[in-house]
Amino acid sequence: MQCYIARGRNVTERLYPKRINGRLYYYLQRSWREKLDPDQHGSTKGSGKSRVKTESIYLGTAESIVQRLQQLRKPLEVHSREFGFVGAAYTTMLDIGLIELLKTHLPGTRHGIPLWVFFTLSIINRLQYATSKESMGKWATKTILPQLLRFDPQKVHSKSFWYATDEVLSEQEVRERRRRQPHLKDALLVGIEDECLRRIEEGLFVSLQQRFSLGTEVLLYDTTNFFTYFEEPTRAKVARSGHNKSSRHHLKQVGLALCVEKDWGIPLLHRLYRGNSHDTNTFSEVVPPMIEQLKRGFEQIAELVVVLDKGNNSAENFALLKDQMRWVGSLVPSQYADLLEVPLDQYPGTWQGLRYYRSQRTVMGHECAVVLTYNAKLHRKQELKLQQELEKLRQKVRAKWAEYKRRPTQVPAGIGTLLKASRYGKYLELRCAEGQPVFELNTTEMDERTKRFGKNLVFTGELAAESSWILAQYLAKHRIEEDFKLLKDPQLIRWQPMRHWTDTKVWAFGFCCVMALVLIRLMQLKAYRAGMKMSAAVLKEELTDLKQISMVYEENAVETKITARSSVQQHLWEIFKLDRLEADLTRH
């Protein structure tokens, strides 16, 4: 029974069943008191006579009532928005202080949107669904970000984004600087001064050290590059032709120097640089400023160790590191033929499945401890790889041979050119017999290659260091190699192909990509410390399944829910504190 006041009178309602011809029907009965004299008012004694009036409304059978209720609750519109992964990325940015750093160092607005919001959108966009800047507003409408950050997504497009970027890194100022100092066009950093972005990065790695207690005594350093689709004439001076690590040598590229911590590969510092700079030259200009930044950020660490790839080897670079920090690097084994001749039964040491032989050598004018390692699994893998590539080359030769209309009587010049162009051609000897190709292995070359199977050569200037310590530091470099894969992953950050064609925009884009890498690595770390070891791809997949569903029933009747969660997703929900966002975003 329900009572309420309608049109100034107390109304009582009750629902009652009535059986007619064996079927049960339901009625709604309303009852109220009404004055006999309509001019009289009041409900107390003496206020005038009244009588009880009733009204019955037929509702129907139970089945028909339920059917009508379901029809009434059918939403007019249903909207789905990205919630889980986007929300987890945003709460992680809050937790590590990145949002606060962006607000502090990127003041001001463009088109009524704070500059820090433009950069926040770009960072999360690279992780969730990397789009062009022109499509970023459309992407944002399909996420919770407009509601969360309180901005109009229709104002977010390529023009507004790049105007916002120009507030941070002015293209006009860069051109003016180059006009006054023409040599800057060919400098490593092509005249870009990105102090505000460096301050954000420096503040961030200090925050990470405080909040996550990262093991930053050992740092990994390496370089990579990213191809572009720039065509002449182009305004970007940083994009140059060079040796591309994705084998796109005909395209212009931009270089990236990255310094990460050893345990999780979390980026601490990065620098963009001119695409045609050799690794050794890049090192000498990029690393000294990085060392200064690292020492300011990690004052509590007595001594830093940097792990280098062999592309950075030079006497000048090792002289730069002397008395600055310890280092571990690698050498090309074939350049130390006498070590390759040492029989495996004379490798005295073992460490985590590796056998090693240690000696002391002078490398580029420095006395170094040199450790040659042998990995049986790597040996088998490299041997199989060589066999597969040789078979592919044989098939190419046979296919080319079959294209000749006349049967050759000797090896054609075109076949010889094909063999020379292949890096595996030197391992095959080819002759013609009865018009058909006959292959034989070049035993001399094969023997030389076999000696290197499974072997790596690691070295350091720390003569007293334990061999196990040297190997542990160097073998951690796979972390930075995995970082480069994530940056180039088309399903995650997707740095390349980069389509930005002015230097300042390239710099801002690179900054956002590296910050996106920081985020996904920290999200993995947070999950791991909560007992969930997950790859970046699996973590993204699990969180992406969580959507925000809004059901519109009428103009002012909207119901918002988050999709159901599995046990894994519930754990991630708690790790990334998504209940905080749900409380803000699911209010009716």
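This is a predicted model, so every value here is computed, not measured.

K.L.:
Hey, could you run me through the packing of helix α17 (residues 478-488) against helix α18 (residues 503-529) in this one?
P.N.:
Think of two packed helices as two axes; the pair is described by the angle between the axes and how far apart they sit. Running from amino to carboxyl end, α17 crosses α18 at an angle of 120°, the nearest separation of the two axes being 10 Å. When the interaxial angle is binned, α17 and α18 end up oblique. Considering how the two elements wind past one another, α17 and α18 form a crossing that is right-handed. Residues Arg 479, Glu 482, Asp 483, Leu 486 and Leu 487 of α17 touch α18, and the partners they reach there are Cys 513, Leu 517, Ile 520 and Arg 521. Among the residues making up the contact of α17 with α18, the classes are represented as five nonpolar, no polar and four charged.

K.L.:
Which parts of the structure should I look at to understand the packing of helix α19 (residues 536-544) against helix α20 (residues 567-575)?
P.N.:
Relative orientation of the contacting elements α19 and α20 amounts to 95°, with a least axis distance of 10 Å. By the angle between their directions, the pair α19 and α20 is classed as roughly perpendicular. Where α19 abuts α20, its residues Leu 539, Glu 542 and Leu 543 lie against Val 568, Gln 569 and Leu 572. Its residues placed into classes, the contact of α19 with α20 shows four nonpolar, one polar and one charged.

K.L.:
Could you clarify how one ought to interpret the packing of aromatic side chains in this entry?
P.N.:
Geometrically, a pair of aromatic rings is defined through the distance of the ring centres and the angle of the planes. The final tally for this structure, using the stated rule, is 16 aromatic pairs. Ring centres of Phe 119 and Phe 161 lie 6.3 Å apart, and the angle between their planes is 35°; this geometry places the pair in the tilted category. Residue Phe 119 is found in helix α4 (residues 115-128), and its partner Phe 161 is found in helix α7 (residues 158-168); the two are separated by 42 residues along the sequence. Taking the relative accessible area as the measure of exposure, Phe 119 reaches 1% and is therefore buried. A residue is classified by how much of its surface remains accessible, and Phe 161, at 2% relative accessible area, is buried.

K.L.:
Looking at this structure, how should I read helix α2 (residues 84-95)?
P.N.:
Each turn of an α-helix holds 3.6 residues, which means side chains three or four residues apart point in the same direction. Relative to the 16 Å expected for twelve residues at 1.5 Å per residue, α2 spans 16 Å between its end C-alpha atoms, a close match to the ideal helical length. Counting buried residues in α2 gives eleven out of twelve residues, a clear majority hidden from the surface. The complete set of buried residues in α2 reads Gly 84, Phe 85, Val 86, Gly 87, Ala 88, Ala 89, Tyr 90, Thr 91, Thr 92, Met 93 and Asp 95.

K.L.:
Sorry, what's going on with the pattern of salt bridges here?
P.N.:
Here the idea is simple: oppositely charged side chains can pair when their charged atoms come close. Taken as a whole, this structure holds 29 salt bridges when the rule is applied. Close ionic contact of Asp 166 with Lys 505 constitutes a salt bridge, the shortest N to O distance being 3.4 Å. Of this pair, Asp 166 sits in helix α7 while Lys 505 sits in helix α18, and the two are 339 residues apart along the sequence. Asp 166 gets classed as partly exposed once you look at its relative accessible area, which sits at 27%. Across the pair Lys 392 and Glu 389 runs a salt bridge, and its minimum N-O distance is 3.7 Å. Of this pair, Lys 392 and Glu 389 both sit in helix α13 (residues 376-402), three residues apart, roughly one helical turn. The class for Lys 392 is partly exposed, based on a relative accessible area of 47%. Each of Arg 479, Glu 482, Asp 483 and Arg 521 takes part in a single network of salt bridges with overlapping partners.

K.L.:
How do you make sense of unusual backbone geometry when you look at a structure like this?
P.N.:
Peptide bonds are trans in most cases, and residues, glycine excluded, mostly fall at negative phi. The residue Asn 21 is not glycine, and still its phi comes out positive at about 55°. Structurally, Asn 21 is set in the loop between β2 (9-20) and β3 (23-35). Phi at His 111 is positive, roughly 55°, even though this residue is not glycine. Mapping His 111 onto the fold places it in the loop between β6 (109-110) and β7 (113-114).

K.L.:
Just to check I follow, could you spell out the pairing of strand β18 (residues 436-441) for this structure?
P.N.:
Along a regular strand, successive side chains alternate from one face of the sheet to the other. Note: strand β17 (residues 428-433) against β18, six bridges, orientation antiparallel. Residue Glu 429 lies in a different strand from β18, and its bridge partner there is Glu 440. In this antiparallel pair of consecutive strands, β17 and β18, the connection spans two residues, and Glu 434 shows a positive phi of 55°.

K.L.:
Can you walk me through the environment of Leu 127 in this structure?
P.N.:
Examined against the element boundaries, Leu 127 turns out to sit in helix α4. Separated by 412 residues in the primary sequence, Leu 127 and Leu 539 place their C-alpha atoms 12 Å from one another. Among all residues touching Leu 127, those that are not within four sequence positions of it are Phe 85, Leu 492, Ile 493, Ala 516, Leu 519, Ile 520 and Lys 540.

K.L.:
Can you help me understand the side chain of Asn 312 in this one?
P.N.:
Structurally, the position occupied by Asn 312 is in the loop between β12 (305-307) and α11 (315-321). If sequence neighbours within four positions are ignored, Asn 312 has contacts with Tyr 221, Asp 222, Asp 279, Thr 280, Phe 283 and Asn 317.

K.L.:
I keep staring at the nonpolar core and nothing clicks. Help me out?
P.N.:
In a soluble, globular protein the nonpolar side chains are often hidden away together inside. Within the largest apolar cluster, 114 residues are counted, with the highest numbers of intra-cluster contacts made by Leu 102, Trp 495, Ile 520 and Leu 543. If one sorts the elements of this core by residue count, α18 sits on top with 18 residues. Dropping the residues within four chain positions of it, Leu 543 is found in contact with Gly 84, Phe 85, Ala 88, Met 523, Leu 572, Phe 576 and Leu 578. Within the second largest apolar cluster, 34 residues are counted, among which are Val 287, Ile 291, Cys 368 and Leu 372.

Rules used in this analysis
Residues numbered from 1 in each chain as written. Predicted model: local features only at pLDDT ≥ 70, side-chain atom pairs only at ≥ 80, totals over all residues. Heavy atoms only, no water. Axes fitted to C-alpha atoms, helices over the stretch in contact; angles between N-to-C directions. Helix = DSSP H or I, 4+ residues; strand = E, 2+ residues; numbered from the N terminus. Parallel < 35°, antiparallel > 145°, perpendicular 65-115°, else oblique. Left-handed = near helix turned anticlockwise from the far one by under 90°. Contact = heavy atoms within 4.5 Å. Nonpolar A, V, L, I, M, F, W, Y, C, P; charged D, E, K, R; others polar. Phe/Tyr/Trp six-rings, centres within 6.5 Å; stacked < 30°, edge-to-face > 60°. Buried < 20%, exposed > 50% of the residue type's maximum accessible area, 1.4 Å probe, protein only. Expected span 1.5 Å × (residues − 1). Salt bridge = Lys/Arg side-chain N within 4 Å of Asp/Glu carboxyl O. Pairing = 2+ DSSP bridges. Core = buried A, V, L, I, M, F, W, Y, C linked by side-chain atoms within 4.5 Å.

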